[in-house]
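Residues per chain, in single letters:
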Amino acid sequence: MPTAKLIRREQCNDSTHLLTFRPTETFEFIGGQFIIIDSGLKNEEGKNYKRTYSLLSSDDKTDEFQIAYKVLEKGIVTNQYLNHLQVDDVITFSGPWGKFLKDEDFFGEGDVFVLATDTALASALSFVNSKKLKQKENVSFYWMVSDKDYFLDFEMVQKRIPPGLAHFEIVPIAEYGSEGRDEVLHKAKSIANQHHNPRTALLAGDGIIVNKIKEYLIEKGVNENHIGTEVYFNKDSV
Ligand SMILES: Cc1cc2nc3c(=O)[nH]c(=O)nc-3n(C[C@H](O)[C@H](O)[C@H](O)COP(=O)(O)OP(=O)(O)OC[C@H]3O[C@@H](n4cnc5c(N)ncnc54)[C@H](O)[C@@H]3O)c2cc1C
């Protein structure tokens, strides 16, 4: 399995950390792909806890890569493994994963619609910064998030937005598990509705939103093969 050494650790806010790694062997990836980190911690059946993290940094530079993680209340791997990693520690991982990004037909001429909720900003940000999309001027990107300190700082995110992007918007929503979260789907639909017929879409984050908006885009006539999805949580929601 590939390994990488932690070369920098930065704290973005109370619960979010940015880690920069140097892979021990050549490691190529496409913006939007992810890795699965093996924490080495064992569950009751003796199996290792493994968790998925998006490659946040641009695929322009692959001799280093970054991930950002949010510590979740009672989260096993974030609290018990990632929080304890120190500079020079080595992680074991698999990847890069994210099959649809390897499909040339996924990226065609036409409008690109990107919608991310919560921590799935990570997928979306590296997707819009990928070599394939960075130069395009027809990319609209929405990040639905509860507040400034939830994940990455708004200013830091703005700095990482490619200058030519057609539209970038941070849409305030209720935090996952809190009152008012039900309205998020309604907001997401109204955003999707403003984009009559995108050629390509990336939907990432809360499975409830991702799955419903995917259905909605298909109903509107978007080709299913041109809709990439990354569900971070609520995977089995329909
Ligand atoms: C494709 C993909 C890419 C991902 N990329 C990232 C990333 O770049 N950064 C990152 O912080 N996380 C990312 N995640 C989520 C990550 O894999 C872990 O699920 C998360 O770090 C929690 O792990 P844990 O062991 O600490 O928590 P666990 O012990 O697994 O418990 C987490 C619990 O919190 C719930 N939950 C509530 N809010 C969230 C939320 N925002 N995200 C995940 N679970 C939530 C889950 O449903 C689960 O029940 C990604 C997930 C996927 C599938």
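Residues numbered from 1 in each chain as written. Predicted model: local features only at pLDDT ≥ 70, side-chain atom pairs only at ≥ 80, totals over all residues. Heavy atoms only, no water.

Student: How should I be thinking about the sheet that holds strand S7 (residues 112–117) in this particular structure?
Tutor: Hydrogen bonding along the main chain pairs the strands of a sheet, whether they run parallel or antiparallel. Reading across the sheet, the five strands line up as S9-S8-S7-S10-S11 and stay open at both edges, with parallel pairing between neighbours. In this open sheet, the two strands that pair with only one neighbour each are strand S9 (167–172) and strand S11 (227–233). Neighbouring strand axes in the sheet, compared pairwise and without regard to direction, differ in orientation by 10 degrees on average. Both S7 and strand S8 (residues 139–145) contribute to a ladder of six bridges, which runs parallel. Within S8, the position partnered with Thr 117 by the bridge is Met 144. Relative to the sheet, helix H2 (residues 121–128) contacts S7, S8, strand S10 (200–206) and S11, its axis offset from that of S7 by approximately 155 degrees. Along the sheet, helix H5 (residues 207–219) contacts S7, S10 and S11; its crossing angle with S10, the most-contacted strand, is approximately 155 degrees. (Pairing = 2+ DSSP bridges. Helix = DSSP H or I, 4+ residues; strand = E, 2+ residues; numbered from the N terminus. Axes fitted to C-alpha atoms, helices over the stretch in contact; angles between N-to-C directions. Contact = heavy atoms within 4.5 Å.)

Student: I'm lost on the domain arrangement of the chain in this one. Help?
Tutor: Interfaces are often sized by the amount of accessible area the parts lose when they come together. Along its sequence, the chain is carved into domain 1 (3–97) and domain 2 (99–233). Facing the 22 residues of domain 1 at the interface are 21 residues of domain 2. In this assembly, domain 1 packs against domain 2 so that about 1800 Å² is buried in total across both faces, 56% of it on carbon and sulfur atoms. When the buried area of domain 1 at its contact with domain 2 is split by residue, Ile 30, Leu 56 and Lys 70 rank highest and sum to 28% of it. On the surface where domain 1 and domain 2 come into contact, there are one salt bridge. Note that Asp 60 and Lys 134 form a salt bridge whose closest N and O atoms lie 2.6 Å from each other. (Domains from an automatic or database assignment. Buried area = accessible area lost by both parts, 1.4 Å probe. Salt bridge = Lys/Arg side-chain N within 4 Å of Asp/Glu carboxyl O.)

Student: In this structure, what is going on with the packing of helix H4 (residues 183–194) against H5? I would like to understand it.
Tutor: Any two packed helices are characterised by how steeply their axes cross, that is the angle between the axes, and by the distance between the axes. One way to put it is that H4 packs onto H5 with a least axis distance of 10 Å and a crossing angle of 35 degrees. Where H4 crosses over H5, the two elements pack in a sense that is right-handed. Contacts between H4 and H5 involve Val 184, Leu 185, Ala 188, Lys 189, Ala 192 and Asn 193 from the former and Ile 208, Ile 209, Lys 212, Ile 213, Tyr 216 and Leu 217 from the latter. The residue makeup of the contact of H4 with H5, split by class, is nine nonpolar, one polar and two charged. (Left-handed = near helix turned anticlockwise from the far one by under 90°. Nonpolar A, V, L, I, M, F, W, Y, C, P; charged D, E, K, R; others polar.)

Student: Any chance you could explain the packing of aromatic side chains here in plain terms?
Tutor: Aromatic ring pairs are described here by two measures, namely the spacing of the ring centres and the angle between the planes. The final tally for this structure, using the stated rule, is 13 aromatic pairs. Note on Phe 106 and Phe 107: the rings are 5.2 Å apart at their centroids and 85 degrees apart in plane angle, and the pair reads as edge-to-face. Taking relative accessible area as the criterion, Phe 107 reaches 13% and is therefore assigned buried. In textbook terms, an aromatic cluster arises when at least three aromatic residues are bridged by ring pairs, as seen for Phe 21, Phe 27, Phe 29, Phe 65 and Phe 93. (Phe/Tyr/Trp six-rings, centres within 6.5 Å; stacked < 30°, edge-to-face > 60°. Buried < 20%, exposed > 50% of the residue type's maximum accessible area, 1.4 Å probe, protein only.)

Student: What is the right way to look at the sheet that holds strand S2 (residues 16–23) in this model?
Tutor: Read across the sheet, six strands follow the order S4-S3-S6-S1-S2-S5 without closing on themselves; strand pairing throughout is antiparallel. Edge positions in the sheet fall to strand S4 (48–54) and strand S5 (65–70), since each has one partner strand and no second. Each neighbouring strand pair of the sheet contributes to a mean axis angle of 40 degrees, computed without reference to strand direction. Where strand S1 (residues 3–11) meets strand S6 (residues 90–97), three bridges bridge the pair, whose relative direction is antiparallel. Within the sheet, the bridge partner assigned to Thr 3 lies in S6 and is Thr 92.

Student: Teacher, can you tell me more about the pairing of S10 here?
Tutor: The side chains of a regular strand alternate between both faces of the sheet. Within S10, seven of the seven residues are buried, which leaves it mostly tucked inside the rest of the structure. Of the pairings in the sheet, the one linking S7 to S10 comprises five bridges and is parallel in character. Note on S10: the bridge partner recorded for Ala 116 is Ala 204. With H5 bridging S10 and the parallel S11, this β-α-β connection has right-handed handedness. (Right-handed = clockwise from strand over helix to strand, strands pointing away.)

Student: Mind showing me how you'd approach the pattern of salt bridges here?
Tutor: Any two side chains of opposite charge can pair if their charged atoms end up close together. Counting across every chain of the model gives 10 salt bridges. Arg 199 is the partner of Asp 105 in a salt bridge, and the nearest nitrogen-oxygen pair spans 3.5 Å. With a gap of 94 residues between them, Asp 105 in the loop between S6 and S7 and Arg 199 in the loop between H4 and S10 connect regions that are remote in the sequence. We classify Asp 105 as partly exposed; its relative accessible area is 43%.

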